[in-house]
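Single-letter residue listing:
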Amino acid sequence: MSDPEYYDPEYYDPLTPRRPKTGDTQERRMPRGLVIRLIAYLVAGHVVAAFLFLLFTVAGKG
């Protein structure tokens, strides 16, 4: 409570974020659903790219 930066309006800066008391915050981790969706989109995108590559490779030899 002796920290004047948080209690004295002269030193208060609303743009300076306060540090949370706990070490682990929600903002550090990405949500699990977002990670799963990202991996699924990456795999699906590579499968589509491989299919198109194979399609054009086979069509180019014919």
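Refer to the structure presented above.
Everything numeric in this text was worked out from a predicted model, so none of it was measured. (Residues numbered from 1 in each chain as written. Predicted model: local features only at pLDDT ≥ 70, side-chain atom pairs only at ≥ 80, totals over all residues. Heavy atoms only, no water.)

> Provide a residue-level description of the overall build of the protein, including the pertinent values.
Scanning the protein for helices and strands turns up two helices and zero strands. Counting the 62 residues in the protein, one finds 0% classified as buried. Just so you have it, the protein exposes about 6500 Å², and 64% of that area is on carbon and sulfur atoms. (Helix = DSSP H or I, 4+ residues; strand = E, 2+ residues; numbered from the N terminus. Buried < 20%, exposed > 50% of the residue type's maximum accessible area, 1.4 Å probe, protein only. Areas by Shrake-Rupley, 256 points an atom, 1.4 Å probe, with all protein chains shown as cover.)

> Please set out a nonpolar patch on the surface residue by residue, giving values where relevant.
Together, Met-30, Leu-34, Val-35, Leu-38, Ile-39, Leu-42, Val-43 and Val-47 give the surface a local cluster of nonpolar side chains, amounting to about 700 Å² of exposed area. Positionally, Val-47 belongs in helix H2 (residues 32-61). (Patch = residues over 30% accessible without salt bridge, like charges linked within 9 Å, V, L, I, M, F, W, Y side chains within 5 Å. Salt bridge = Lys/Arg side-chain N within 4 Å of Asp/Glu carboxyl O.)

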